Amino acid sequence: MDRRMYRGNMGNNCGCSRNNSQFRHSEPVCEDVCGNHIREDMCEKHVCEDMCDKSRHDGDFDRFPIAMCYVPWQCFRDLYENEFAALANGTLFKELDLKWYGRGCK
Amino acid sequence: MDGNNREKLYAFITASSFVCDDLRLFLDTHPTDRAALEYWDRASQARNEAVMEYTKCYGPINSYHVENDCKWAWVEEPWPWEGRC
């Protein structure tokens, strides 16, 4: 994740540049996702877990501004038991061991 | 027996290098994550020690680790098309 982009979407600026955007809310949408947690204490486990739990909800994408990218915050957890298992699965993180749905254009 | 140990050591270097690469990607966006930093210290140390042991016992894995003892030892290792890269 590009953290600079993440920073740019936090706080009271939800990323909506137009005042008449239908996505403007009294509560900034990005506040729901990242709050004000991007600080030096973000490495604290309870803060990180809280961020992950908040970013996990995925049922209200219609509240987000269009044409923006959103990446759920990853936590350092659920690792494979050793380096051989990590290499065999293509990632150290079990959460990133996902099914591949890509296909060709034919 | 020695060849078996060599293969095991090389396999560990391959796997531990992958873990370090994956950890680096995580740390690029989580530079203050203490658990990840501690894991990096352990993983990179284990990887570096394995590379040092392999280099000492079997020869250099990359050209930066070649120690010239009146001979360029890099070319004595198998080439990629000979089964190792």
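Residues numbered from 1 in each chain as written. Chains lettered and ligands numbered in written order. Predicted model: local features only at pLDDT ≥ 70, side-chain atom pairs only at ≥ 80, totals over all residues.

Asker: I'd like to hear about the overall build of chain B, residue by residue, with values.
Answerer: In terms of helices and strands, chain B carries two helices and zero strands. Taking the contacts inside chain B whose residues are at least 6 apart along the sequence as the reference set, 43% of them involve residues at least 24 apart. (Helix = DSSP H or I, 4+ residues; strand = E, 2+ residues; numbered from the N terminus. Contact = placed C-beta atoms within 7 Å.)

Asker: I'd like to hear about the overall build of chain A, residue by residue, with values.
Answerer: Looking only at helices and strands, one finds four helices and zero strands in chain A. When burial is assessed residue by residue, chain A has 13% of its 106 residues classed as buried. Taking the contacts inside chain A whose residues are at least 6 apart along the sequence as the reference set, 35% of them involve residues at least 24 apart. (Buried ≥ 20, exposed ≤ 12 C-beta atoms within 10 Å, placed from the backbone.)

Asker: Could you give me a rundown of unusual backbone geometry, with the residues and numbers involved?
Answerer: All names here are of chain A. In this model, A67 sits at a positive phi of 60°, which is unusual for a non-glycine residue. Using a count of 6 C-beta atoms within 10 Å as the deciding quantity, one classes A67 as exposed. Even without glycine at this site, D78 takes up a positive phi of about 50°. Judged by C-beta crowding, with 11 C-beta atoms within 10 Å, D78 ranks as exposed.

Asker: Explain the confidence of the model for chain A to me, using residue names and the numbers behind them.
Answerer: Residue and element names in this part refer to chain A. Mean pLDDT over chain A: 65, with 42% of residues reaching 70 or higher. Ranking the elements of chain A by mean pLDDT puts helix α1 (residues 3–8) last with 38 and helix α4 (residues 83–89) first with 97. In the predicted structure, residues 1–43 sits below a pLDDT of 50 and forms 52 contacts with residues beyond four places in sequence or in another chain. (pLDDT = per-residue confidence, 0-100.)

Asker: Let's hear about helix α1 (residues 2–29) of chain B: which residues, and what values?
Answerer: Because an α-helix completes one turn every 3.6 residues, residues spaced three or four positions apart along the sequence face the same direction. Helix length check: α1 of chain B (28 residues) gives 41 Å between terminal C-alpha atoms against 40 Å at 1.5 Å per residue, within 8%. Those residues of α1 of chain B that sit buried are I13, S16, V19, D22, L23 and F26 of chain B. Contacts from the buried residues of α1 of chain B go to α4 of chain A together with α2 (34–58) of chain B. (Expected span 1.5 Å × (residues − 1).)

Asker: Give a description of the packing of α1 of chain B against α2 of chain B that names residues and reports values.
Answerer: Residues and elements named next belong to chain B. Close contact between α1 and α2 brings their axes to 9 Å; oriented N to C, the two are set at 150°. Viewed along their axes, α1 and α2 adopt a mutual orientation that is roughly antiparallel. Here α1 and α2 pass one another in a crossing that is left-handed. Within the contact between the two elements, α1 uses R6, L9, Y10, F12, I13, S16, S17, V19, C20, L23, F26 and L27 and α2 uses A36, Y39, W40, A43, S44, A46, R47, A50, V51, E53, Y54 and Y58. Taken together, the residues that form the contact of α1 with α2 break down as 18 nonpolar, three polar and three charged. (Axes fitted to C-alpha atoms, helices over the stretch in contact; angles between N-to-C directions. Parallel < 35°, antiparallel > 145°, perpendicular 65-115°, else oblique. Left-handed = near helix turned anticlockwise from the far one by under 90°. Nonpolar A, V, L, I, M, F, W, Y, C, P; charged D, E, K, R; others polar.)

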